[in-house]
Amino acid sequence: MYLTIFISIAILVLIGLFLIPPIRRNLITRWIVQMIQAMNVLPRISETERAAIEAGNVWVEGEFFTGKPDFDRILQEPYPEISPELQAFLDGPVEQVCQMATDWEIYQRKDLPPEVWDYLKQERFFGMMIPQEYGGLGFSNLAYSAVMVKLASRSFTHVATVGVANSLGPAKLLLRYGTAEQKRYYLPRLVRGEDIPCFALTEPTAGSDAASLISHGEVFRGTDDQLYLRLNWRKRYITLGAIATLLGLAFRLRDPANLLGKGEDVGITCVLVPTNTPGVVINKRHDPMGVPFYNSPTEGHDVILPIDQIIGGVEQAGQGWKMLMQTLAAGRGVSFPATCTGVAKLVTRVAGAHSVVRQQFGLSIGRFEGVEEPLARIGGFAYLMDAARLYTCGAVDRGEQPAVVSAIAKYNTTELSRQMINDGMDILGGSGICRGPRNLLANIYTATPISITVEGANILTRTLMIFGQGAIRCHPYVYQEIQALEQKDITAFDRAFWGHMGSLLGNSVRTVIFSLTRGRLVRSPVRGETARYYRKLAWASATFALLTDVALLSFGGSLKRKEKLTGRFADVLSWLYLGTATLRRFEAEGRQSEDLPLVHWSMQYAFAQIQQAFEGIFSNLDVPLLGILFRYPLLSWWRLNPIGTPPSDRLGHQVAQILQKPGQQRDRLTAGIFIPTDPEQALGRIEHALELVHQAEPIARKIKTAKQAGQLPAGSPDQLIEFAYQTGIITEAEKLLVQQAERDRIDAIQVDAFTFEDYQQERMQPIDDPKLVGSL
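Reading guide: rules and limits
Residues numbered from 1 in each chain as written. Predicted model: local features only at pLDDT ≥ 70, side-chain atom pairs only at ≥ 80, totals over all residues. Heavy atoms only, no water. Helix = DSSP H or I, 4+ residues; strand = E, 2+ residues; numbered from the N terminus. Rg over C-alpha atoms; globule rule 2.2 N^0.38 Å. Buried < 20%, exposed > 50% of the residue type's maximum accessible area, 1.4 Å probe, protein only. Contact = heavy atoms within 4.5 Å. Areas by Shrake-Rupley, 256 points an atom, 1.4 Å probe, with all protein chains shown as cover. Lys, Arg positive; Asp, Glu negative; His and termini not counted. Charge placed at Lys NZ, Arg CZ, Asp CG, Glu CD. Pairing = 2+ DSSP bridges. Patch = residues over 30% accessible without salt bridge, like charges linked within 9 Å, V, L, I, M, F, W, Y side chains within 5 Å. Salt bridge = Lys/Arg side-chain N within 4 Å of Asp/Glu carboxyl O. Polar contact = N/O pair within 3.5 Å; in protein donor to acceptor, adjacent residues only side chain to side chain. Expected span 1.5 Å × (residues − 1). Phe/Tyr/Trp six-rings, centres within 6.5 Å; stacked < 30°, edge-to-face > 60°. Lys NZ or Arg CZ within 6 Å of the ring centre and 35° of its normal. Core = buried A, V, L, I, M, F, W, Y, C linked by side-chain atoms within 4.5 Å.

Draft legend 1. Structural context of the overall build of the protein. Each helix and strand in the protein was counted, giving 31 helices and nine strands. Its C-alpha radius of gyration of 30 Å places the protein within 12% of the 28 Å reference for a compact globule of 776 residues. C-alpha extents for the protein along the principal axes are approximately 105 × 90 × 45 Å. Looking at the 776 residues of the protein, the share that counts as buried comes to 57%. Residue pairs in contact within the protein that sit at least 24 positions apart in sequence constitute 76% of those at least 6 positions apart. As displayed, the protein offers around 33300 Å² of accessible surface, 54% of which is attributable to carbon and sulfur atoms. Each charge class in the protein can be summarised by its mean position, and for the 78 positive and 79 negative side chains these summaries are 7 Å apart.

Draft legend 2. Inspection of the side chain of Ser 355 at higher detail. Mapped onto the elements of the fold, Ser 355 is located in helix 14 (residues 335-357). Here Ser 355 falls in the buried class, since its relative accessible area comes to 0%. Discounting residues that sit within four places of it in the chain, Ser 355 has contacts with Ser 364, Ile 365, Gly 366, Val 371, Leu 375, Ile 427 and Gln 660.

Draft legend 3. Examining the pairing of strand 4 (residues 246-254) more closely. Within strand 4, seven of the nine residues are buried, which leaves the element mostly enclosed by the surrounding structure. The pairing of strand 1 (residues 197-200) with strand 4 spans four bridges and is classified as parallel. Within strand 4, the position partnered with Phe 199 by the bridge is Gly 248. Of the pairings in the sheet, the one linking strand 2 (residues 216-221) to strand 4 comprises three bridges and is parallel in character. Bridged to Gly 217 within strand 4 is Leu 253. The pairing of strand 4 with strand 5 (residues 265-274) spans nine bridges and is antiparallel. Bridging across to strand 5, Phe 251 finds its partner in Thr 269.

Draft legend 4. Structural view of a nonpolar patch on the surface. On the surface, a cluster of nonpolar side chains totalling about 380 Å² of accessible area is made up of Leu 505, Val 509, Ile 513 and Leu 521. You can see Ile 513 is positioned in helix 21 (residues 490-517).

Draft legend 5. Local environment of the environment of Thr 277. Residue position: Thr 277 is located in the loop between strand 5 and strand 6 (280-281). The class of Thr 277 is buried, set by a relative accessible area of 12%. Ignoring any residue separated from it by four or fewer positions in sequence, one finds Thr 277 in contact with Val 303, Ile 304 and Leu 305.

Draft legend 6. Expanded view of the environment of Glu 54. Structurally, the position occupied by Glu 54 is in helix 3 (residues 47-54). Overall, Glu 54 belongs to the partly exposed group, its relative accessible area being 35%. Each C-alpha atom of the pair Glu 54 and Thr 511 lies 30 Å from the other, and the pair is 457 residues apart in sequence. Apart from residues lying up to four places away in sequence, Glu 54 is in contact with Gln 326, Arg 473, Tyr 479 and Gln 483. Side-chain polar atoms of Glu 54 contact the side chain of Tyr 479, separated by 2.6 Å.

Draft legend 7. Representation of helix 15 (residues 369-397). If you check helix 15, its first and last C-alpha atoms are 42 Å apart, about what 29 residues at 1.5 Å a residue would give, namely 42 Å. Of all the 29 residues making up helix 15, 25 are buried; the element is thus mostly covered by neighbouring parts of the structure. Of the residues one or two after helix 15, Gly 399 is the one with positive phi, at around 105 degrees.

Draft legend 8. Representation of the pairing of strand 2 within the structure. Pairing of strand 2 with strand 3 (residues 227-239), which is carried by six bridges, proceeds in the antiparallel orientation. Bridging across to strand 3, Glu 218 finds its partner in Arg 230. Hairpin connection from strand 2 to strand 3: five residues lie between these consecutive antiparallel strands, with Asp 225 at a positive phi of about 70 degrees.

Draft legend 9. Looking closely at the side chain of Thr 566. For Thr 566, the position within the fold is in helix 23 (residues 563-588). For Thr 566, a relative accessible area of 1% corresponds to the buried category. Among the polar contacts listed, one links the side chain of Thr 566 to the backbone oxygen of Glu 563, at a separation of 3.1 Å. Excluding its chain neighbours within four sequence positions, the residues that come into contact with Thr 566 are Arg 462, Thr 463, Phe 467 and Leu 559.

Draft legend 10. Inspection of the packing of aromatic side chains at higher detail. This model, assessed by the stated rule, comprises 29 aromatic pairs. Look at Phe 65 and Phe 544: their rings are 5.0 Å apart centre to centre, the planes differ by 65 degrees, and that puts the pair in the edge-to-face class. Remark: Phe 544 occurs in helix 22 (residues 531-555) and Phe 65 occurs in helix 4 (residues 61-66); sequence separation between them is 479 residues. Among the residues examined, Phe 65 registers a relative accessible area of 1% and is labelled buried. Using a relative accessible area of 0% as the deciding quantity, one classes Phe 544 as buried. Ring centres 5.1 Å apart and planes at 85 degrees place the aromatic pair Phe 497 and Trp 498 in the edge-to-face group. With respect to burial, Phe 497 and Trp 498 carry one shared label: buried. Taken together, the ring pairs in this structure connect Trp 539, Phe 614, Phe 618, Phe 630 and Trp 638 into an aromatic cluster. The residue whose ring lies beneath Lys 536 is Phe 607, and the NZ or CZ to ring-centre distance is 5.6 Å. One Lys or Arg, Arg 585, reaches over the ring of Tyr 383 and ends 4.1 Å from the middle of that ring.

Draft legend 11. Focus on the pattern of salt bridges. The final tally for this structure, using the stated rule, is 35 salt bridges. Among the salt bridges present, the one from Arg 189 reaches Glu 194, with a minimum N-O distance of 3.4 Å. When its relative accessible area of 22% is taken as the criterion, Arg 189 is described as partly exposed. Measuring nitrogen to oxygen at the nearest pair gives 3.5 Å for the salt bridge that ties Arg 631 to Asp 622. Its relative accessible area of 26% is what places Arg 631 among the partly exposed residues. Look at the salt bridges and you will find they share partners, linking Glu 63, Arg 73, Glu 77, Arg 398 and Glu 400 into a network.

Draft legend 12. The arrangement of the nonpolar core in detail. Leu 231, Val 273, Phe 544, Phe 614 and Leu 621 are the most contacted members of the largest nonpolar core, which has 193 residues in total. With 16 residues, the top contributor of residues to this core is helix 15. Ignoring sequence-local partners within four residues, the contact set of Phe 544 consists of Phe 64, Phe 65, Phe 467, Phe 569, Val 572, Leu 573, Leu 576 and Phe 614. Counting 29 residues, the second largest nonpolar core, distinct from the first, contains Ala 51, Leu 168, Leu 187 and Met 323.

Okay, here's the thing in structure tokens:
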């Protein structure tokens, strides 16, 4: 009896210790704080890193760090649609600008034709995101994205030229931070194209580590008693730099006399520099992979500007890094996903059509399983990339600024489009490597590394931005714990820490149960064939959240230096988001049953990537005691009980067939790109041939059947067609159709060839503007 009373009292005391905050705080939490501080468990955060972490906000990506994503909320997130007004702009001005010059013509000129420049200015392409009150089009992010998708399917030069003016550049910074006077003066000029903008951030010694820039400026008082800036810089990789009239510049500002009242080291600042200012040098250009858009170095030598040229005025002096991070937080997730999705849809169209019209061994090459495999990847990636683009645009248009999701979208769409282009080139074979007006993929193949590199190089984006910073920003408790420790707020730390421990315990239990049951106990928000994917996402999320906590508690502040490990965590988080976006698209578009092969392929591929990343984490999570557990029994169990395996060959066949069959589904998969109807243009030619080959297929099958039955003598294809007509197996109309299809098919697979003289002229064609000629 006494033992029972003693045990009961002990249990009550323990409950009191943990559940009564004042007691827990004083007896347990204070000791934990002292231990954390002594062991340096939590990461130290610099001011520049803090600005990056605090940029934007947390959106649905935060759900995966909880280990129990709210799919009801996720499915209720807005999914944008094209408005009639936007469709009119796409069918009008965007269609027109695509018709004005082919990609090959742009490459031949090494620039957009003058009439295209004039038309872009006339139709306010450079002011798409500027509100109508300043003369701009006032487009949403979705509208801008849709325009970029269509332009990207015509030429990378289009999107490189239009994109900078609308994404990261003076206009974006002015809209968000500019003074009323700056907005009134500059924004209408940018809309009309009277000012061509660029933004100069990258330097020879400050690339991915842009916060380490050494371009500098100094505040001084002029003889007129007004304040001025004296600027010196050396920048590179600046898109539109060589032709810009308004240069946005990031530099370190010093104020030796403290004239601004902000101390001597004011910090990174953004300023507007008219390029006709004495000391500004923009007389050279880079040659990025031969892609003919303006990308240039720029220098400034003792450039003098009034102090009010600082974007946002004196109040924003020293706030430049924060301004840039806030602007990139959402913008990174719009421009490049749109560009890469436009390219993806073009590759889908070209590879699918070529697989039909190109024949070997008497068969269209798309019937060979070796070709079906890359075709399936192309189709599946096109579906999920467009899903991620639209889902992300919907969030940004609703006011979200999801920095981590933007990094996920930028990294994955650029990487997936790179794989798609490689697959497309493999399918086209010799047709893909012979440059000329008939070749639709060679130029985007060479341009691909540009998207990979800019606005956060992909290696850095994967290993640092998505998870290295994302784990701190998106975790429901970690950043609260860091802030509480920095502020020495024991109450706030107590609340965050014990909430964290509860979450860790809950995810441990969920992970075990979901693993044993393969997620079958999870409630799915939908019924039908996709319900299982929600259950697997919940299983993967619980495992991800648990392993995140294990890594954070094991490595503390050194985790961000374990880049191979953080890269694998980033892969899991990326595919959780991409899978979620894919399911959201399927629901938003009315659960169309014909899209199920695309959905199944995309989701199964996503889970296979998650499986691979988890295996890498288990194999390399080198922590005391637990490391052995992860590397052997848990890794073995994970391999025996995988969360996902690659899509089956049968499923890949179904996806490949979608790309090769003209019709509504193929059109929906590639909706929004420029498709010329002129059969004299490369895409129009191969599309026309595909349509005729498809129409003639039943006739060709009828002839083949008759030949196999002995009704027709042996002969060439042309002879067999004539024999079939003469014997009444096919009609005259059918004969004419199959003959025309064969002629157009042969024409569509031809490649370009040049005379020696034409080739030399093409290779040595001079640049129009002699002031841009020069070597670095």
